Amino acid sequence: MGSHKIAVIPGDGTGPEVVAEGLKVLNAVAGPAGIKYDFTHYDLGGERYKRTGEILPDSVIDELRRFDAIYLGAIGHPDVAPGILEKGILLRARFELDQYINLRPVVLYPGVDCPLKGKGPEQIDFVVIRENTEGMYVGAGGFHKHGTIDEVAVQTSINTRKGVDRCLKYAFELTRRRNRDKKLTLVAKTNVLTFASNLWFRAFEAMAPQYPDIATDYAHVDATCMWFVKNPEWFDVVVTDNLFGDIITDLGAIIQGGMGVAAGGNINPEGVSMFEPIGGSAPKYTGLAVVNPIAAIAAAQMMLETLGETRAAKAVDGAIRKAAAHDMKSMAAGKMGMSTHQVGDLIAKYAADLV
Ligand code: IPM
Ligand code: MN
């Protein structure tokens, strides 16, 4: 129980709509769980960029460092060229705040339609840990003879032993804390990336003996895509690099019922972490109150957990499960059988009762 300073970045498109529902749920559990929040809203995203040309002022990055957590809606605007806002806001925050873990639970809630035949909540319950500050996302590379027929483009994946080690350590520790199958799977591409994946593999093997209670496994990233679909129950905790993690967590999101339910945390275990629904700004649904707020509410739940508010986090998780199992027709936008606000109201009420 405590008091938490939280920066709120509603962002673009449907971001503000789902963040409003997440805040509703956070406020609903505050009284019963004895939590106090001090929210500060930041106007960042495509609209501000179009209006003022500002993306993420340095002063704001410095302010963000002083919060206990950051709650983010979505970044991405149809009128802004791809990459500008993503690199300028989302990736910059991840890098500058050194949020080196991207934690993405893949959980099929009861009652949610799964596209995989014969698979249910028993089979789909794992966590992907994506390295979040290195790899292909560093932006190392460049063009030579840009725009000519002799053009060359180079983009290099940067993997440091320290960066890999800290990510692996977090993964081993989380596998132990989670205490489910106690199995950690490294995902890479050792048969082709004989430098980058080789470093990950050696670091993984070197660390494993420190965790004798954890079973270790390895899978190539392409095969992982197949196993996520065919045998998701094989996975407990998965650890992988930035780009592979980006790709396989979209697959993870669809087997858990789609972008309306998938949440993630950008974690700096020694600093400030940022929580977000991973579905993006969904511009075509903006203002219609049809998008599913569960992903944003689940992100708020992860934030509560990280802030040490275990009781409130459990209540929110229970409330999401209850609404998904008993009240909602579907997890898809426009097909929930209720509006964005109604889903938020319901989960807020359930959560307050469950604390
Ligand atoms: C994600 C997103 C981002 C990423 C984009 C928007 C830059 O796809 O959080 O997975 O690639 O990391
Ligand atoms: Mn992605």
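Heads up: these notes are all about the structure in this document. Everything quoted here is computed from the prediction, not taken from an experiment.

1. Description of the site of ligand 1
Part 1 of the argument: Surveying the vicinity of ligand 1 reveals the residues Glu86, Leu90, Arg94, Arg104, Arg130, Tyr137 and Asp246.
Part 2 of the argument: With the chains in place, 75% of the 320 Å² that ligand 1 exposes on its own is no longer accessible.
Part 3 of the argument: Of the residues assigned to the shell around ligand 1, the class counts are two nonpolar, no polar and five charged.

2. Comments concerning the sheet that holds strand β3 (residues 69-74)
Part 1 of the argument: Pairing is mixed in the open sheet, where 10 strands are placed in the order β2-β1-β3-β12-β11-β4-β5-β10-β8-β9. Each having just a single partner strand, β2 (36-41) and β9 (215-220) make up the two edges of the open sheet. Sheet twist, expressed as the mean angle between neighbouring strand axes with direction ignored, is 25°.
Part 2 of the argument: In this structure, strand β5 (residues 125-131) lies alongside strand β10 (residues 237-240), joined through four bridges in parallel fashion. Bridge pairing in β10 places Val128 opposite Val238.
Part 3 of the argument: Against the sheet, helix α8 (residues 242-255) makes contact with β4 (101-107), β5, β8 (183-188) and β10, and its axis sits at roughly 155° relative to β5, the strand it touches most.
Part 4 of the argument: Across the face of the sheet, helix α9 (residues 294-306) comes into contact with β1 (3-11), β2, β3, β4, β11 (263-267) and β12 (273-277) while running at roughly 160° to β12.

3. Some details on the pattern of salt bridges
Part 1 of the argument: Applying the stated criterion to the full structure yields 22 salt bridges.
Part 2 of the argument: Linking Asp79 and Lys50 is a salt bridge whose minimum nitrogen-to-oxygen distance equals 2.9 Å. Here Asp79, found in the loop between β3 and α4 (84-96), pairs with Lys50, found in helix α2 (residues 46-52); they are 29 residues apart in sequence, far enough to count as distant.
Part 3 of the argument: For Lys50, a relative accessible area of 46% translates into the label partly exposed.
Part 4 of the argument: The shortest N-O distance in the salt bridge between Glu233 and Lys119 comes to 3.2 Å. With Glu233 in the loop between α7 (221-230) and β10 and Lys119 in the loop between β4 and β5, the pair connects residues that are 114 residues apart, well separated along the chain.

Basis of the calculations
Residues numbered from 1 in each chain as written. Chains lettered and ligands numbered in written order. Predicted model: local features only at pLDDT ≥ 70, side-chain atom pairs only at ≥ 80, totals over all residues. Heavy atoms only, no water. Near = heavy atom within 4 Å. Areas by Shrake-Rupley, 256 points an atom, 1.4 Å probe, with all protein chains shown as cover. Nonpolar A, V, L, I, M, F, W, Y, C, P; charged D, E, K, R; others polar. Pairing = 2+ DSSP bridges. Helix = DSSP H or I, 4+ residues; strand = E, 2+ residues; numbered from the N terminus. Axes fitted to C-alpha atoms, helices over the stretch in contact; angles between N-to-C directions. Contact = heavy atoms within 4.5 Å. Salt bridge = Lys/Arg side-chain N within 4 Å of Asp/Glu carboxyl O. Buried < 20%, exposed > 50% of the residue type's maximum accessible area, 1.4 Å probe, protein only.

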